[in-house]
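A closer look at the structure
One-letter residues, chain by chain:
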Amino acid sequence: MNVTHVNADDLSAVLTVSIDKADYTDKVNSALKNYKKNANVPGFRKGHVPMGLIKKQYEKPLIYEEVNKLLQENVDKYLTENKIEILGQPLPKEDKSFDWDNDTLKFEFELGLAPQFDVNLEEITLPYHKIQVSDEDVDKYIENFRMRYGKMSEAETAAEGAYLKGIFYELDENGEETAEHYHATIAFNDLKSKELFEGKKKDDKVEVDAKEVFEDDDKLAATFGLEKEEVADFNKKLVFKIQSITNHEKAEMNQEFFDKIYGEGEVDSEEAFRAKVKEESEKMYVEEADRVMLTNGLLYLVENTKFDLPKDFLVKWVQFSNKEADSPEKAEEMYEGAEKGMRFQLVEGKVANKFDISVTKEDIESQAIEMVKKQIAMYGAGMNFDDAMLKNIAQQALQDENQYRQLADQVFAGKMLQVFKDNVKLEEKEVSFDEFLEDVKAQNERTK
């Protein structure tokens, strides 16, 4: 067997694999002998079927199988050993003169080569958001905690702060209820037409236009199972049948409440509780600021690092590998939609290679333990678990493939973040949380 490659240009190459009969004959013959021993063919005793008949039926499929194994193993091995970075996967070139009966089988593959470029983090200056936590922000967080840990009680009528459980029915042109219905629990405070619902009791009905139910279109979409683009056309006439009304009583600001949030004895007064809320909020904001800074840095590199991609090859690869790309035009459209993401991944990979970023099994296990600690703290269980118990819970989480992948991504992002913090110039930018959100929206536009 022989594997070689020739570069057509900086971004494309042709890989040639030559496979001789000697490379696969022994395995094929061994498999044929096993077939002969076990074959049940009418007119012949088991084990006495003529080899010629066995070969006629099984030899070609076995050759295909063995040759494909050799191709997969040796192409991957050659690319790895020769440090050839490719995009997509090798694409087989059509050879109309190919003959499986030849003594030497020759296969050619097109390669799309990864572009060569460098990144220089030391030349980058990035804004770093220092998000201010105001007293008003602390008040909001405390109110959320009090609602989350409060109690539900039945109410006679719908009013401020109440929750209404019931069913929305669509109405036809005659105002009659149709079979189309939606179970929902709605917060009175979220309603757009509060006056239609105020004072209503259990078993009452409220007729309302779909667009007049909520102030927020996102809540409309969530309640009626709509995609964002469907909201604009959802102009149904509805009736809401109230099944129950409840009030949400806020938790009292006492030691029991403080212990539920932060663990027994962690804070012992309302003043200390407010300080702790502010401290935790600032930590959360730091994590958000870190995430935005990292994305901003990678976007800067994508936008300012010039390199070409093997577009012709990649369009062909999209059509080869994706059933939805049923024409060259569709494949090119899909490529255009994915190009920025591909450039992002290449830049991210270049930074990772340059700074030797890697993720080990031990890293992921440590991340899983930290995740468990946060979850325990979030649900107010305190930190009364010893290391062995934490590790056991973490190991159970790692059995889930998706969870394992998410934790690996978190570790990678954490290491990438540290690389940027250590190498780029950061300029602190003091902002309110609302101002921060505006900057995030602007950043999201850049990623499209």
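Residues numbered from 1 in each chain as written. Predicted model: local features only at pLDDT ≥ 70, side-chain atom pairs only at ≥ 80, totals over all residues. Heavy atoms only, no water.

Comments concerning the pairing of strand β10 (residues 237-249)
- With 4 bridges connecting them, strand β6 (residues 151-154) and β10 associate as antiparallel partners. Bridge pairing in β10 places K151 opposite E249.
- In this structure, strand β7 (residues 162-171) lies alongside β10, joined through 9 bridges in antiparallel fashion. Residue A162 lies in a different strand from β10, and its bridge partner there is N247. (Pairing = 2+ DSSP bridges. Helix = DSSP H or I, 4+ residues; strand = E, 2+ residues; numbered from the N terminus.)

Thoughts on the packing of aromatic side chains
- All chains considered together, the criterion is met by 21 aromatic pairs.
- Aromatic side chains Y35 and Y58 sit 4.3 Å apart centroid to centroid with 5 degrees between the ring planes, which places their arrangement in the stacked category. Of this pair, Y35 sits in helix α1 (residues 25-38) while Y58 sits in helix α2 (residues 51-81), and the two are 23 residues apart along the sequence.
- Assessed through its relative accessible area of 26%, Y58 is described here as partly exposed.
- Note on F117 and F307: the rings are 4.3 Å apart at their centroids and 10 degrees apart in plane angle, and the pair reads as stacked. Remark: F307 occurs in the loop between α8 (270-304) and α9 (311-321) and F117 occurs in the loop between β4 (104-113) and β5 (125-131); sequence separation between them is 190 residues. Considered together, F117 and F307 belong to a single accessibility category, that of buried residues.
- Of the aromatic side chains, those joined through ring pairs into one cluster are F145, Y149, F257, F258, Y262 and F273. (Phe/Tyr/Trp six-rings, centres within 6.5 Å; stacked < 30°, edge-to-face > 60°. Buried < 20%, exposed > 50% of the residue type's maximum accessible area, 1.4 Å probe, protein only.)

Details of the environment of V119
- Checked against the element boundaries, V119 lands in the loop between β4 and β5.
- In the structure, V119 is positioned 102 residues away from V17 in sequence and 35 Å away in space, judged by C-alpha atoms.
- Dropping the residues within four chain positions of it, V119 is found in contact with L301, T305, K350, V351 and K354. (Contact = heavy atoms within 4.5 Å.)

Some remarks on α9
- Taken as a whole, α9 has its buried residues at F313, L314, V315 and V318.
- Of the surrounding elements, those touching the buried residues of α9 are β3 (86-92), β4 and α10 (328-354).

Considering the sheet that holds β4
- With antiparallel pairing, the 4 strands of this open sheet are ordered in space as β1-β2-β4-β3. The open sheet has two edge strands with one neighbour each: β1 (2-9) and β3. Averaged over neighbouring strand pairs, the angle between their axes works out to 25 degrees when direction is ignored.
- Taken together, the 4 bridges between β3 and β4 define a ladder with antiparallel strand orientation. Across the sheet, the residue bridging to L87 is G112, located in β4.
- Strand contacts of α2: β1, β2 (12-20), β3 and β4, with the helix running at about 135 degrees to β2, the strand carrying the most contacts.
- Sheet strands touched by α9: β3 and β4. Its angle to β3, the strand with the most contacts, is close to 65 degrees. (Axes fitted to C-alpha atoms, helices over the stretch in contact; angles between N-to-C directions.)

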